[in-house]
Amino acid sequence: MTVISLISSSKCFGGLQKIYSHQSKELACEMKFAVFLPATAEDRRLPVLYWLSGLTCNETNFIQKAGAQRYATENNLIIVCPDTSPRNVNIPGEDDSWDFGSGAGFYIDATKDPWSKHYRMYSYVTQELIEVINNNFPTVANKISIAGHSMGGHGALICALKNPGLYKSVSAFAPISNPTKCPWGQKIFNGYLGSEKEEEWKNWDATELVASYNGPPLELYLDQGSEDSFLKDGQLNPQNLVDASRAAQVPCVLNMREGYDHSYFYVASFIGEHIAYHARHLQ
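For the chain, an unreviewed UniProt entry supplies the name S-formylglutathione hydrolase and the organism Anopheles minimus. Here the chain is described in UniProt, under the heading Catalytic activity (unreviewed entry), as follows: "S-formylglutathione + H2O = formate + glutathione + H(+)". According to the UniProt record, the Function (unreviewed entry) comment for the chain reads "Serine hydrolase involved in the detoxification of formaldehyde."

Once that is clear, we can look at the pairing of strand 2 (residues 15–24). Burial within strand 2 is extensive, with eight of its 10 residues counted as buried. When strand 1 (residues 4–12) meets strand 2, the two strands line up antiparallel, connected through eight bridges. If you follow cysteine 12 over to strand 2, its bridge partner there is glycine 15. Counting the residues between successive antiparallel strands, the hairpin from strand 1 to strand 2 contains two residues, one of them, phenylalanine 13, with a positive phi of roughly 50 degrees.

Turning next to the sheet that holds strand 5 (residues 78–82). Sheet architecture is open: nine strands sit in the order 1-2-3-5-4-6-7-8-9, paired in mixed fashion. Of all strands in the sheet, those with a lone pairing partner are strand 1 and strand 9 (252–257), marking the two edges. Ignoring which end each strand starts from, the neighbouring axes of this sheet average 20 degrees apart. Packing against the sheet, helix 2 (residues 68–75) makes contact with strand 1, strand 2, strand 3 (29–37) and strand 5, and its axis sits at approximately 60 degrees to strand 3.

A few words on helix 4 (residues 151–162). An ideal rise of 1.5 Å per residue puts 16 Å on 12 residues; helix 4 measures up with 16 Å between its terminal C-alpha atoms. Taking burial as the measure, the 12 residues of helix 4 include 11 buried ones, the bulk of the element. Turning to helix 4, its buried residues are Met151, Gly152, Gly153, His154, Gly155, Ala156, Leu157, Ile158, Cys159, Ala160 and Leu161.

The sheet contact formed by strand 4 (residues 46–52) and strand 6 (residues 139–149) spans six bridges and is parallel. Each residue of the ladder has a partner; that of leucine 52, found in strand 6, is glycine 148. What joins strand 6 to strand 7 (residues 170–173) is helix 4, and the crossover it makes is right-handed.

Further remarks concern the packing of aromatic side chains. Note on aromatic pairs: each is described by the distance of the centres and the angle between the planes. In total, this model carries 20 aromatic pairs according to the counting rule given. With centroids separated by 5.7 Å and ring planes inclined at 20 degrees, the aromatic side chains of tyrosine 20 and phenylalanine 33 adopt a geometry described as stacked. Residue tyrosine 20 is found in strand 2, and its partner phenylalanine 33 is found in strand 3; the two are separated by 13 residues along the sequence. The buried category is assigned to tyrosine 20, whose relative accessible area is 10%. Phenylalanine 33 gets classed as buried once you look at its relative accessible area, which sits at 0%. Centre to centre, the rings of tyrosine 119 and tyrosine 192 are 5.3 Å apart; their planes meet at 35 degrees, and the pair counts as tilted. One end of the pair, tyrosine 119, is in the loop between strand 5 and helix 3 (121–136); the other, tyrosine 192, is in helix 5 (residues 183–192), with 73 residues separating them in the sequence. Note on accessibility: tyrosine 119 and tyrosine 192 belong to one class, buried. Here the aromatic cluster, defined as three or more aromatic residues joined through ring pairs, consists of Trp51, Phe62, Phe173, Tyr260, Tyr266 and Phe270. The ring of tyrosine 122 is capped by lysine 162, whose NZ or CZ atom sits 5.5 Å from the centre of that ring. In this arrangement the basic side chain of lysine 162 is found over the ring face of tryptophan 204, its NZ or CZ atom lying 4.3 Å from the centre.

Conventions and cut-offs
- Residues numbered from 1 in each chain as written.
- Predicted model: local features only at pLDDT ≥ 70, side-chain atom pairs only at ≥ 80, totals over all residues.
- Heavy atoms only, no water.
- UniProt positions renumbered as here; feature names shortened; annotations may be inferred.
- Buried < 20%, exposed > 50% of the residue type's maximum accessible area, 1.4 Å probe, protein only.
- Helix = DSSP H or I, 4+ residues; strand = E, 2+ residues; numbered from the N terminus.
- Pairing = 2+ DSSP bridges.
- Axes fitted to C-alpha atoms, helices over the stretch in contact; angles between N-to-C directions.
- Contact = heavy atoms within 4.5 Å.
- Expected span 1.5 Å × (residues − 1).
- Right-handed = clockwise from strand over helix to strand, strands pointing away.
- Phe/Tyr/Trp six-rings, centres within 6.5 Å; stacked < 30°, edge-to-face > 60°.
- Lys NZ or Arg CZ within 6 Å of the ring centre and 35° of its normal.

Next up, the structure:
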């Protein structure tokens, strides 16, 4: 069993907000994750919602800014938030750019050297982290859902689409919905996968993946602020995913939030709706 080390613990809405570290075999480095345990976790096993954060974030942003603990308590859910990338793995250039390297793992498995040894966030999130959580906390092992914001929204969508039946539900705030067609995604894929493998980029793009989804019924639950500057800059492209889902006959909901931007003020405004959505699927 993986050894986890407690970094901090704070009482919150009757439960405990904790941060742990552990040595990741998948990423070959120390990783941190946050876990919120409602008070009911003291005497029963609970479903788990995994939250994936966006570019430049770590395991603390969501737990400090979203106010999700209140809703996790109301709905008896454990929430787990991993960091967004490996850290301090001594790859030249890992800290040179805010949208590549540290804080920008993009929830894919890199195949290009020197990134391929450590930058395997997809396998970490969908395999190792789940095992660590199930082995150390009072979870219902087969009741998990996934959500995220921006880069993390992209991560949540591809994790669900690439693992039919693993997650009971998926939702995404302002996700990078079609990364092969936007500057962020093209930079990431070029660096982690290589320009010569452009056809493989589609394996990490929700808009491409939904076209061939063949698994248990899955609804894509999307949220988007109308005044999001990254939406206007063509980084997010949610309509592309909506159109592809419709063509593939995969249910897709897009909640357009008038006047909201890309920030955690926006996420905090609607996180209660998302947690209630997942709670219904996790019953």
